[in-house]
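Chain residues, written in single-letter form:
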There are 2 protein chains.
Amino acid sequence: MMKLDRPTIQQATIELLNEDGLDALSMRTLAKKLDVKAASLYFHIKNKNDLMVLISELVSERVYERLQKIDDADFYVLAHIMREELKRIQDSPRIFEITFPFTPFRSRLIELALSQFRDMGVDESHLTMVGNMGNNFVLSYVSDEQYFARVPDQKMPANLPEQLLSPIDMANPDDAFDYGLDIFMAGVDVKVKQAK
Amino acid sequence: MMKLDRPTIQQATIELLNEDGLDALSMRTLAKKLDVKAASLYFHIKNKNDLMVLISELVSERVYERLQKIDDADFYVLAHIMREELKRIQDSPRIFEITFPFTPFRSRLIELALSQFRDMGVDESHLTMVGNMGNNFVLSYVSDEQYFARVPDQKMPANLPEQLLSPIDMANPDDAFDYGLDIFMAGVDVKVKQAK
DNA sequence: ACCTGAACACCGTTCAAGT
DNA sequence: ACCTGAACACCGTTCAAGT
């Protein structure tokens, strides 16, 4: 029916991810969704890893484009936009974790974050550490959000100390994200001032 | 030859991980290493996920036992010991990420970390957030360490801005870890004082 | 009690062959 | 140029059958 091309494959991949998650995504299920045979996909994409990179690049591009429209965006802004775009695709944080990080748009985001930290006063020798840490914070946070949104409450252990971890206080996930981001940014600030 | 039991399987799994990594670990390769057929493994363990949990529990137990011997261990100590034990098994951070977190020893570690943060003055409503963040920091850090130790330098892009990211400044990975941990702990401190 | 042969229902990927 | 049938070399898991 529909002509098969990379954007179509990309779109179907995202739909499949949002329906059943990364573990259910195979070249065969993807082909079935597109009413095509698995082998056909290989005419348009090199392999499955390529497909994963395509997704991480799409997310990175969306984040990058949104940031272009904002003047003087700091890491607070970057982190919030990144989280929003990651949340649009189920398991996208895991995809970021398993793919090679230095693809075009993702590299630009890294450069951007690094320049933001440089502006905060972080010295060169610690820049990549801080950049990685900021990146990992956002990825892990959204990964946890998506994980606990899927794990049914019953599977949570009932004998936890004072019910502390039940739904991982995802009651106010937005506040919790801001709180964590504050911790990170305040910590960076302290270290910058210490160095002076 | 050797009698097959859970500890033997556990040991072989760790050796296989340290030789070829998680992606190369299959029930069949594991069986081959033990001079046994894949089906035999299922007499001793429920399934592959069970095996992954076994590994995460082993690491957690080692961390827990070491912490028991230290009086007044704070999160600095916990994080350092956790990193050391994670580093002993290739891809163990990824195993932590894909397995259910509330297993016996791992739960104890979580409780321990939470009580450490409580002692620092973190209030109940933010405890799990801070606990998750500390946990994610250590896991992501070791994951990155192991990742960049395996990716050959040639695969790194040559056109990065000022060579900033080349070996991800893994020149002094220990200092970088301390720096990141300082950021986190200092940030927590700031937020605690803010709340007062 | 412990192990295996054989099978089932999947994978990712390749490639000659079709249109 | 684009798609497919068929195959290859793998997976995790089950289970009747063997000892």
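Residues numbered from 1 in each chain as written. Chains lettered and ligands numbered in written order. Predicted model: local features only at pLDDT ≥ 70, side-chain atom pairs only at ≥ 80, totals over all residues. Heavy atoms only, no water.

Engineer: How should I be thinking about the interface of chain B and chain A in this particular structure?
Structural biologist: In many analyses, interface size is given as the accessible surface area lost on bringing the parts together. Every contact between the two is made by 47 residues of chain B and, on the other side, 47 residues of chain A. The contact between chain B and chain A buries some 4,200 Å² in all, and 71% of this surface belongs to carbon and sulfur atoms. Joining chain B to chain A, the criterion identifies 2 salt bridges. Across the pair B:Lys191 and A:Asp182 runs a salt bridge, and its minimum N-O distance is 2.8 Å. At the boundary of chain B and chain A, one finds 5 residue pairs in polar contact (both at pLDDT 80 or more). Of all the secondary-structure elements, those providing two or more residues to the side of chain B that touches chain A are α7 (104–120), α8 (124–150) and α9 (173–195) of chain B. (Contact = heavy atoms within 4.5 Å. Buried area = accessible area lost by both parts, 1.4 Å probe. Salt bridge = Lys/Arg side-chain N within 4 Å of Asp/Glu carboxyl O. Polar contact = N/O pair within 3.5 Å; in protein donor to acceptor, adjacent residues only side chain to side chain. Helix = DSSP H or I, 4+ residues; strand = E, 2+ residues; numbered from the N terminus.)

Engineer: Where do I start with the relation of the copies chain B and chain A in this structure?
Structural biologist: The second copy of the chain is related to the first by a rotation about an axis and a shift along the axis. Superposing chain B onto chain A takes a rotation of 180 degrees plus a shift of 0.0 Å along the axis, which leaves an RMSD of 0.0 Å. When the rotation and shift are considered jointly, the pair of chain copies conforms to a two-fold rotation axis. When each C-alpha of chain B is compared by its distance to the rotation axis, B:Gly187 comes out closest, at 1.9 Å. When the interface residues of chain B are mapped onto chain A, 100% of them again fall at the interface, so both copies present the same face. (Least-squares fit on C-alpha atoms with pLDDT ≥ 70 in both.)

Engineer: Even after reading the chapter, I still don't get empty space enclosed by the protein, so can you show me in this structure?
Structural biologist: One simple way to see leftover space: roll a probe sized like a water molecule over the atoms. Considering all chains together, one arrives at 3 cavities of 30 Å³ or more under this definition. Size it by volume and the largest cavity reaches roughly 110 Å³. In terms of lining residues, the largest cavity is bounded by A:Met133, A:Asn136, A:Phe137, A:Ser140, A:Phe184, B:Met133, B:Asn136, B:Phe137, B:Ser140 and B:Phe184. Elements that contribute at least two residues to the lining of the largest cavity include exactly α8 (124–150) of chain A together with α8 of chain B. Split into classes, the residues belonging to the lining of the largest cavity amount to 6 nonpolar, 4 polar and no charged. (1 Å grid on protein atoms, 1.4 Å probe; cavity = no way out; pocket = protein on both sides within 12 Å on 5 of 7 lines; lining within 4 Å. Points joined across faces, edges and corners; volume = space filled by probe spheres on them. Nonpolar A, V, L, I, M, F, W, Y, C, P; charged D, E, K, R; others polar.)

Engineer: Would you mind going over the packing of aromatic side chains with me for this structure?
Structural biologist: Each aromatic ring pair is characterised by the separation of its centres together with the angle its planes make. As enumerated under the stated definition, the model contains 18 aromatic pairs over all chains in all. Among the aromatic residues, those joined into a cluster by ring pairs are A:Phe75, A:Phe117 and A:Phe184. The positively charged end of A:Arg108 is found above the aromatic ring belonging to A:Phe105, 4.5 Å away from the centroid. The ring of B:Tyr64 has B:Arg108 sitting right over it, with the charged end atom 5.4 Å from the ring centre. (Phe/Tyr/Trp six-rings, centres within 6.5 Å; stacked < 30°, edge-to-face > 60°. Lys NZ or Arg CZ within 6 Å of the ring centre and 35° of its normal.)

Engineer: Honestly, the protein's contact with DNA strand D in this entry has me stumped. Any pointers?
Structural biologist: Taken together, 17 residues lie around DNA strand D, and A:Ser40, A:His44, B:Met27, B:Arg28 and B:Tyr42 are the ones closest in. In DNA strand D, atoms within 4 Å of the protein come 58% from sugar and phosphate. Between a phosphate oxygen of DNA strand D and a side-chain N or O atom of A:Ser40, the distance comes to 2.4 Å. One of the backbone nitrogen or oxygen atoms of B:Lys48 is found 2.8 Å away from a phosphate oxygen of DNA strand D. Every element with two or more residues in the surface near DNA strand D is listed here: α3 (38–41) of chain A together with α2 (27–33) and α3 (38–44) of chain B. (Near = heavy atom within 4 Å.)

Engineer: Got a minute to help me understand the pattern of salt bridges in this structure?
Structural biologist: Side-chain pairing between opposite charges can occur once the charged atoms of the two side chains come close. Residues and elements named next belong to chain A. A complete count under the given rule lists 30 salt bridges over all chains for this structure. The partner of Asp-189 in a salt bridge is Lys-193, with the nearest N and O atoms 3.3 Å apart. With a gap of 4 residues between them, Asp-189 and Lys-193 both fall in helix α9 (residues 173–195), about one helical turn apart.

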